[in-house]
Amino acid sequence: LVLVKAEKGVNLNKLDHRIKQRVPLSNPIITTTLIKKEAKLLKEMMSSMLNLLISVAYIIGALVIGLTTYTAVIEKLREYGILKAIGADKRHLYSIVIIQSLINVSLGFIVSGLTVNLFFKIIETLSPRFLLVINAEVLERTFLLAIVMALIAAIIPIRRLGKVDAAQVFNG
């Protein structure tokens, strides 16, 4: 490996060609080209692992949302039964569960966003060589996925709620 530093103003492509002519079997690489190739290789190597970790994080998020929504409905099952007994129709009860799930997800998204922002600032302060950025497209996609997760998470509690017998609630 031989490093060649070109003088200012030298055409790097011409220098590359001259080196190849004068030193057979050499493979000169311009620094910017080398950096691009290394960055591309690193991105290819890391992207599959990062995508796997991100997928696992989304699955865990969906499970947490589902469990939170389910627990909230089960804890208030008696109250839902009372509402049903005094005339609330299923559609009204289902909308309560869906709205509750959407509110929980929205609040969770805001709190997690603030927490991530705080951690990014701490990391950048402790180690300034790292620049951590979340772009708007990722935030939008994550929020939309969270909303979808909230709607899906409401399905199981809604099914359970639909089976509540209003008369049974008063019997204990």
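It should be noted that the structure appears before, not after, this text.
Right, let's walk through the structure included here.

There is a patch of nonpolar side chains on the surface, built from L41, L42, M45, M46, M49, L50, L52, L53, I54, V56, I60 and V64 and spanning about 1,100 Å² of accessible area. Within the secondary structure, L50 sits in helix α2 (residues 31–75).

Here we take up the pattern of salt bridges. Per the counting criterion, the structure on display carries two salt bridges. Its salt-bridge partner being K20, residue D16 comes within 3.3 Å of it at the nearest N-O pair. Of the two residues, D16 and K20 are both situated in helix α1 (residues 12–22); the distance of four residues between them amounts to about one turn of the helix. Residue K20 is classed as partly exposed on the basis of its relative accessible area of 43%.

Now for helix α5 (residues 136–153). Its 18 residues give α5 an end-to-end C-alpha distance of 25 Å, which sits within 8% of 26 Å, the value for a rise of 1.5 Å per residue. If you follow the buried residues of α5, they end up packed against α2, α4 (90–126) and α6 (155–162).

In terms of nonpolar packing, the biggest core is built from eleven residues, these being V73, L77, Y80, A88, L93, V97, A154, I158, L161, V164 and V169. Those elements that place two or more of their residues in this core are α3 (77–85), α4 and α6. Grouped together as the second largest cluster of nonpolar side chains are six residues, I65, A146, A150 and A153 included.

Cut-offs used in this document
- Residues numbered from 1 in each chain as written.
- Predicted model: local features only at pLDDT ≥ 70, side-chain atom pairs only at ≥ 80, totals over all residues.
- Heavy atoms only, no water.
- Patch = residues over 30% accessible without salt bridge, like charges linked within 9 Å, V, L, I, M, F, W, Y side chains within 5 Å.
- Areas by Shrake-Rupley, 256 points an atom, 1.4 Å probe, with all protein chains shown as cover.
- Salt bridge = Lys/Arg side-chain N within 4 Å of Asp/Glu carboxyl O.
- Helix = DSSP H or I, 4+ residues; strand = E, 2+ residues; numbered from the N terminus.
- Buried < 20%, exposed > 50% of the residue type's maximum accessible area, 1.4 Å probe, protein only.
- Expected span 1.5 Å × (residues − 1).
- Contact = heavy atoms within 4.5 Å.
- Core = buried A, V, L, I, M, F, W, Y, C linked by side-chain atoms within 4.5 Å.

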